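Residue-level structural notes
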Amino acid sequence: MYLLPPTRCRIGDRNLSIAALLPFILALLAGGAVAGILAGMFGIGGGAILVPIFFHVFGLLGVPEDVRMQLALGTSLAIIVPTSIRSFMAHRQRGAVDTALLKGWVVAVPLGTLIATLIAAKATSVELQLIFAVIALVLAFRMIFNRASWKLGDDLPGNPIKFLVGTGIGILSGLMGIGGGILNNTFMTLYGRSIHQGVATSSGVGVLISLPGLAGYVWGGWGKPGLPPFSTGYINWLAVALLIPVTLYMAPIGARLAHVMSKRQLEIGFGIFLIVISAQFFLSIIL
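For the structure given in this document, a descriptive report is provided here.

Comments concerning the packing of helix α5 (residues 108-122) against helix α7 (residues 161-176)
- In the contact formed by α5 and α7, the axes pass within 7 Å of each other and the chain directions differ by 35°. Judged by the sense of rotation from one axis to the other, the crossing of α5 with α7 is right-handed. In this structure, α5 uses Ala108, Val109, Leu111, Gly112, Thr113, Ile115, Ala116, Ile119 and Ala120 to contact α7, whose residues at the interface are Phe163, Gly166, Thr167, Gly170, Ile171, Gly174 and Leu175.
- Looking at the contact of α5 with α7, its residues break down into 10 nonpolar, 6 polar and no charged.

Some points on the nonpolar core
- By size, the foremost hydrophobic cluster in this structure holds 74 residues, and its most contacted members are Leu28, Phe54, Met69, Trp105 and Phe132.
- A per-element tally of this core places helix α3 (residues 65-93) first, with 11 residues.
- Excluding anything up to four places from it in sequence, Phe132 contacts Ala48, Val51, Pro52, Met69, Leu73, Met176, Ile277 and Phe281.

As for the side chain of Thr75
- Tracing the sequence through the fold places Thr75 in helix α3.
- In contact with Thr75, other than residues within four places in its own chain, are Phe54, Phe58, Tyr234, Ile235, Asn236, Ala239 and Val240.

Focus on unusual backbone geometry
- Going from Asn159 to Pro160, the amide bond is cis rather than trans, its omega being 5°.
- As for its placement among the helices and strands, Pro160 is situated in the loop between α6 (125-145) and α7.
- Within the chain, Phe230 stands out as a residue other than glycine whose phi angle is a positive 65°.
- Here Phe230 is to be found in the loop between α9 (195-220) and β3 (231-232).

Thoughts on the pattern of salt bridges
- Counted by the stated rule, this structure contains 3 salt bridges.
- Across the salt bridge formed by Glu65 and Arg68, the nearest N and O atoms sit 3.5 Å from each other. One end of the pair, Glu65, and the other, Arg68, are both in helix α3, 3 residues apart, so they sit about a helical turn from each other.
- Residue class for Arg68 comes out buried when judged on its relative accessible area of 15%.

Reading the values: the criteria
- Residues numbered from 1 in each chain as written.
- Predicted model: local features only at pLDDT ≥ 70, side-chain atom pairs only at ≥ 80, totals over all residues.
- Heavy atoms only, no water.
- Axes fitted to C-alpha atoms, helices over the stretch in contact; angles between N-to-C directions.
- Helix = DSSP H or I, 4+ residues; strand = E, 2+ residues; numbered from the N terminus.
- Left-handed = near helix turned anticlockwise from the far one by under 90°.
- Contact = heavy atoms within 4.5 Å.
- Nonpolar A, V, L, I, M, F, W, Y, C, P; charged D, E, K, R; others polar.
- Core = buried A, V, L, I, M, F, W, Y, C linked by side-chain atoms within 4.5 Å.
- Buried < 20%, exposed > 50% of the residue type's maximum accessible area, 1.4 Å probe, protein only.
- Salt bridge = Lys/Arg side-chain N within 4 Å of Asp/Glu carboxyl O.

Here you go:
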């Protein structure tokens, strides 16, 4: 683990000066700008975008393969904490959040997220890349072939199904470093809820995922060798500090771009994006 060193840092057996971190910082800022625009366009927290960006940028810095994917996942969840809280408060003021569902998931979703951090702490980076790629591919086909007529019921199921779904959302989101918006929206709309209520409630789900996810990835990576400067466990605070303001600033630009596209175009566009990201991870595993 590395705490804020004053002038020089060590990654593995290499000493890095502050000047040597400049490409890392610039790459993160560029990645954050892209993530902010895409997150604004597709109405998501940005985790599915940030994780592959972090993975490649940390690779440029020379972060070892065996901790790189875990670091990308944990740092992504850390960035989601303030954005999800801010979003939840805004949606709650408008009365659009299904608070009954969130109360029913106050144990299930964090439990699933903590299970995910335990899995991530034991899994190899390659295994986590494979998990991310497979889930991203499934979500991509869901976005591309989604139909508004698809329904499993007229109201949300009761327990234990609802509890198990919440736990599953926590596990899958924790293993992808995302806030669970895509998964929760799918669940709620399949059971007759409007997409607007799904999006609003997803902001609360993001809080239930990101807070325990942050704690779990700090614990899981505590004292691990090879972590980059400014890291506590699998959270890189330099990336967090740089990307939060950038993504918040760029997201409205993406939102404005979204208004010139139809909902169906956005779904297909995001689905194609997920396929590209999934293919990149598959290729990195094979090669």
